[in-house]
Amino acid sequence: MFGEIAEALMDIAFSIFGFDIDIGNLGLTAKGLCDWTKISSSEFGTIAETLNGAFVSVGLQLLTVFVMIDLIKKANETTLKKHGNEISLERAIFLSWWCDKGDCAFCYMSTQKDKIKDPTKARRNVHNIYAEAEMCKRLNWNIEFLSGGYKSFTTAEIKEIATTIKNITGDSVWLNTGITDELEEYGSEIKGITGAVEVANPELHQKVCPSKSLDKISNMLDVAGDLGFQKAITVILGLGETLDDVDYLIDYIKDHKIDRVIFYSLNPHKETAYANSSQPASLYYAQVVSKIRLTFPDITIICGTWIDNLANIGILILSGANGITKFPLFKMFGTKYGKRVEEEVKWSGRQLKGTFTDKKQLGNPESDVDSELNKFIKRYIKESLKNKY
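Here's a quick rundown of the structure. (Residues numbered from 1 in each chain as written. Predicted model: local features only at pLDDT ≥ 70, side-chain atom pairs only at ≥ 80, totals over all residues. Heavy atoms only, no water.)

### As for the overall build of the protein
The test is simple: Helix and strand labels come from DSSP, where a helix needs a run of H or I of at least four residues and a strand needs a run of E of at least two; each type is numbered from the N terminus. Think of it in three bands: with a 1.4 Å probe and only protein chains considered, a residue is buried below 20% of the maximum accessible area for its type, exposed above 50%, and partly exposed in between. Should any heavy atoms of two residues lie within 4.5 Å, those residues are counted as being in contact. Areas reported here follow the Shrake-Rupley algorithm with a probe of radius 1.4 Å; residue values treat only the protein chains shown as occluding.
Within the protein, the regular secondary structure consists of 13 helices and eleven strands. Split into buried and exposed, the 389 residues of the protein put 48% on the buried side. Pairs at least 24 residues apart make up 72% of the contacts formed inside the protein by residues separated by at least 6 positions. If you sum the accessible surface of the protein, you get close to 19200 Å²; carbon and sulfur atoms cover 52% of it.

### What about the packing of helix α4 (residues 126–139) against helix α5 (residues 155–169)?
The line we're drawing: Fitted lines through C-alpha atoms give the axes, limited to the stretch in contact for helices. The angle between two N-to-C directions lies from 0 to 180 degrees. Oblique is the label for any angle not covered by the other classes, which are roughly parallel (under 35 degrees), roughly antiparallel (over 145) and roughly perpendicular (65 to 115). For any helix crossing, the convention is left-handed if the near helix is rotated counterclockwise from the far helix by under a right angle, and right-handed if that rotation is clockwise. Each residue gets one label: Ala, Val, Leu, Ile, Met, Phe, Trp, Tyr, Cys and Pro are nonpolar, Asp, Glu, Lys and Arg are charged, and the others, such as Gly, are polar.
It is the contact of α4 with α5, at a shortest axis distance of 9 Å, that shows an interaxial angle of 30°. Comparing their axes, α5 and α4 come out roughly parallel. Here α4 and α5 pass one another in a crossing that is right-handed. Each of V126, I129, Y130, A133, E134 and K137 in α4 lies in contact with α5, whose residues at this interface are E160, I161, T164, I165, I168 and T169. Residue composition of the contact of α4 with α5, grouped by class: seven nonpolar, two polar and three charged.

### Comments concerning the packing of aromatic side chains
Applicable threshold: Ring pairs shown here join Phe, Tyr and Trp side chains whose ring centres sit within 6.5 Å, with only the six-membered ring taken for Trp; geometry is labelled stacked below 30 degrees between planes, edge-to-face above 60, and tilted in between. The rule is short: NZ of Lys or CZ of Arg within 6 Å of the ring centre and within 35 degrees of the ring normal puts a charge over the ring.
Per the stated rule, a full pass over the model turns up five aromatic pairs. With a centroid separation of 6.2 Å and an interplanar angle of 50°, the aromatic rings of Y248 and Y252 are classed as tilted. Placement of the pair is Y248 and Y252 together in helix α8 (residues 246–255), with a separation of four residues, close to one helical turn. With relative accessibility at 22%, the residue Y248 sits in the partly exposed group. Relative to Y380, the ring of F330 lies with its centre 4.3 Å away and its plane at 25°, an arrangement referred to as stacked. Within this pair, whereas F330 is found in helix α11 (residues 329–332), its partner Y380 is found in helix α13 (residues 374–385), the two being separated by 50 residues in sequence. The pair formed by F330 and Y380 is uniform in burial state, with each residue classed as buried. One aromatic cluster is present, formed by W141, F327 and F356 through successive ring pairs. Above the ring of F153, the side-chain terminus of R123 is found at 4.0 Å from the ring centroid. The ring of Y264 has K326 lying over it, and the distance from NZ or CZ to the ring centre is 4.9 Å.

Given below as structure tokens:
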């Protein structure tokens, strides 16, 4: 394919405003556009060589763009064929802001560990958690997973929370609550287990997440599969990995029979090692997603982007995403940013599951399941109706 594209580029010739342009011979083209009477033949040769060298550089860039477009085009076709045109809105529900490990170089929780004297006070009120789940159901958002730092809740407590949320939403939940050897304690309230692989490079992983053993994550996922749970991994792009590391990621997905991959772009938090780093380029992100989609046509892919990068959404959907995540739901709801999310989905040719703008879906300020949730439901609705931006 590369040869065909290069040959096609060299064959491009056309006329404009009476001048003949031949991409295959930029030296002669330039001569036709200029007065060369004062330039010697040797000088002309040098200029022609320079121009043709410039074309090689431009041609390689064009070649890269064409290959990327072809990759995304094929990924989009594969997604539509295998998954249809629905795009889900996903929301991770956090259980706590405390993490006993607290040393992942990119993570907000790593900046909080030394500031939190009593970890129990960093735990969210469970009624607040349940109210958030009820609001997700009203707005037809998926619960991406339950997430909490290490040792913030016990296995029994997580099981109870998951069971209650299943009763509220009618759907079992995914977990992303760290490495555990107590998966046997869970039942039908749990849909799947998520391993926080985080970095698409095992050597870099050891530096970025020193307390999250890849071997232990991998073993947990294998056990989860043996117990009948689905398996997911999270991967953050922009931590120092490269496109070459996609091969490792592909092997990992194959080796551990992963059902779902959740990609995030780096969010450079203050006080972390990545505070002054940039988020990954949109086309880099898109290439990674496209390669995973084409290698694994049946896998579920969720892509996260931030409020300052909403323009990523369309191209990530075309690259293979089934769902989008990482939005401050109640702050963005009904605002220009919520509308922008819906527009991105619309112009990618997809149908959105859930809403970011329909205020009727917020419902009444009382819980449908438990009066203990009323004050939290009211708070979420009030926040959603504010004009925050």
